[in-house]
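Listed below are the residues making up each chain.
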Amino acid sequence: MQKLKQIFNRILYLPPYQKTDRPILAAIIGNDKTLIIDAGNSSSHAKLFLNQLEERNIKGDWLVLTHWHWDHIFGMSEMQVPIISHYKTRNKIKELQDLSWEDKYLDQRVKEGTEIPFCADAIKEELGDKRDIFLPDPDLTFETQMEVNLGELTCVIIHVGGDHSHDTSIIYIPEEKALFLGDCLYANLYAKKWNYTIENTLRLIDRIEKYDADIFFLSHHQDPLTKKEFSSFLHLLKNTAFLTKKYEGDQEAIVREMSKSLQRRLNEVEIETISYFVNGFS
Ligand SMILES: [Zn+2]
């Protein structure tokens, strides 16, 4: 069972859980108000988080969603607070409200290509037989960015989009120099082959690098990244984008050059990143 962790005085987070694809959930605690980031992938995920907050006498005042993917929104109805999201996130949630999540419907959508096996499997694993998902409409939406004042603490919510999900928003907390990135730096999973595109990745990185932060939360990374770890992650993405363009998606050539310049064999993450860029090259 995941346990709440604290970073600085004003950020609490529940680490992700890979087996059923639970993302990070966080509470940003100002002097007056608390903002919750993401709703979790089920009622039990949301409750696990809320109960641990309650033990510390903390309750949320608002919830913000980073993007529409099931694992970030299925716990929404447990939160009982006004929900903030990008307008494209709300539009996607409105589409999901009409869907059923029983095995036969999930399997059918996988067959049609509107759902992916990775998510269908995790949904079955997380939800067991309780599949009555209630997805309320987000209450507040925005187009480019908005600010939430929590009392001596600000959360800037910025729409950045990207390959992973076009509606993605990130949350920047300037007073804590913290940046919550949701899944925006992960590949596009809703495709025949998981992929990154050169153009979208570089555009996204350009936008993210403008925010001066010391700590970076990626929703499915076990722990937040330091500035150094984060910049090496961005370097891998930028370098792979560059080599993919240079070698026009020739995987072997990209691997050869990267391995030569690093003077070692590539690790799993590097190999995977290259294959996603190759998949997205056209
Ligand atoms: Zn996602």
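Conventions adopted
- Residues numbered from 1 in each chain as written.
- Predicted model: local features only at pLDDT ≥ 70, side-chain atom pairs only at ≥ 80, totals over all residues.
- Heavy atoms only, no water.
- Helix = DSSP H or I, 4+ residues; strand = E, 2+ residues; numbered from the N terminus.
- Rg over C-alpha atoms; globule rule 2.2 N^0.38 Å.
- Contact = heavy atoms within 4.5 Å.
- Lys, Arg positive; Asp, Glu negative; His and termini not counted.
- Charge placed at Lys NZ, Arg CZ, Asp CG, Glu CD.
- Buried < 20%, exposed > 50% of the residue type's maximum accessible area, 1.4 Å probe, protein only.
- Donors = N, O, S within 2.8 Å, 3.2 Å for Na, K, Ca; no water.
- Pairing = 2+ DSSP bridges.
- Axes fitted to C-alpha atoms, helices over the stretch in contact; angles between N-to-C directions.
- Phe/Tyr/Trp six-rings, centres within 6.5 Å; stacked < 30°, edge-to-face > 60°.
- Lys NZ or Arg CZ within 6 Å of the ring centre and 35° of its normal.
- Parallel < 35°, antiparallel > 145°, perpendicular 65-115°, else oblique.
- Left-handed = near helix turned anticlockwise from the far one by under 90°.
- Nonpolar A, V, L, I, M, F, W, Y, C, P; charged D, E, K, R; others polar.

## Considering the overall build of the chain
Helices and strands together make up the secondary structure of the chain, namely ten helices and 13 strands. For the chain, the C-alpha radius of gyration of 19 Å lies close to 19 Å, the compact-globule estimate for 282 residues. At a minimum sequence separation of 6, the contacts of the chain that also span at least 24 residues come to 61%. Considering the chain, the positive charge centre built from 34 side chains and the negative charge centre built from 44 side chains are found 3 Å apart.

## Here we look at unusual backbone geometry
In this structure, Asp-38 takes a positive phi of about 70 degrees despite not being glycine. The topology assignment puts Asp-38 in the loop between strand S4 (34–37) and helix H1 (43–55). Overall, Asp-38 belongs to the buried group, its relative accessible area being 0%. Of note in this structure, Lys-177 is not a glycine but carries a positive phi near 50 degrees. Position of Lys-177 among the secondary structure elements: in the loop between strand S10 (169–173) and strand S11 (178–180).

## Regarding the coordination of the zinc ion
The protein atoms donating to the zinc ion are His-67 (NE2), His-69 (ND1), His-164 (NE2) and Asp-183 (OD), with metal-donor distances spanning 2.1 to 2.2 Å. Here His-69 falls in the buried class, since its relative accessible area comes to 5%. The exposure class of Asp-183 is buried, given its relative accessible area of 3%.

## Some remarks on the sheet that holds strand S3 (residues 25–29)
With mixed pairing, seven strands are arranged side by side in an open sheet as S1-S2-S3-S4-S5-S6-S7. Since the sheet does not close on itself, it has two edges, and those belong to strand S1 (5–7) and strand S7 (140–142), each with one partner. Averaged over all adjacent pairs, the angle separating strand axes in this sheet is 25 degrees, with direction ignored. Taken together, the three bridges between S1 and strand S2 (residues 11–14) define a ladder with antiparallel strand orientation. Looking at S2, one finds that Lys-5 is bridged to Tyr-13. On the sheet, helix H4 (residues 87–96) packs against strand S6 (83–86) and S7 and is oriented at approximately 105 degrees with respect to S6.

## Notes on the packing of aromatic side chains
Within the structure shown, the criterion is met by eleven aromatic pairs. The interplanar angle of 70 degrees and the centroid separation of 5.6 Å between the aromatic rings of Trp-70 and Phe-74 together place this pair among those described as edge-to-face. Classification of Trp-70 by relative accessible area gives buried; the value is 2%. Residue classification places Phe-74 among the buried residues on the basis of a relative accessible area of 3%. Arranged with centres 4.9 Å apart and planes meeting at 25 degrees, the rings of Tyr-196 and Phe-277 form a pair that is stacked. In this pair, Tyr-196 is assigned in the loop between S11 and helix H7 (198–208) and Phe-277 in helix H10 (residues 268–280), connecting sequence segments 81 residues apart. Its relative accessible area of 7% is what places Tyr-196 among the buried residues. Within the aromatic cluster, the residues linked to one another by ring pairs are Phe-118, Trp-194, Tyr-196, Tyr-276 and Phe-277. A cation over a ring is seen here: Lys-92 above Trp-68, with NZ or CZ 4.3 Å from the ring centre.

## Remarks on the packing of helix H8 (residues 227–246) against helix H9 (residues 251–262)
Packing of H8 against H9 leaves a shortest axis separation of 9 Å and a crossing angle of 130 degrees. With respect to H9, the axis of H8 lies oblique. Between H8 and H9 lies a crossing of right-handed hand. Contacts between H8 and H9 involve Leu-236, Asn-239, Thr-240, Leu-243, Thr-244 and Lys-246 on the former and, on the latter, Ile-254, Glu-257 and Met-258. Classifying every residue of the contact of H8 with H9 by side-chain character gives four nonpolar, three polar and two charged.

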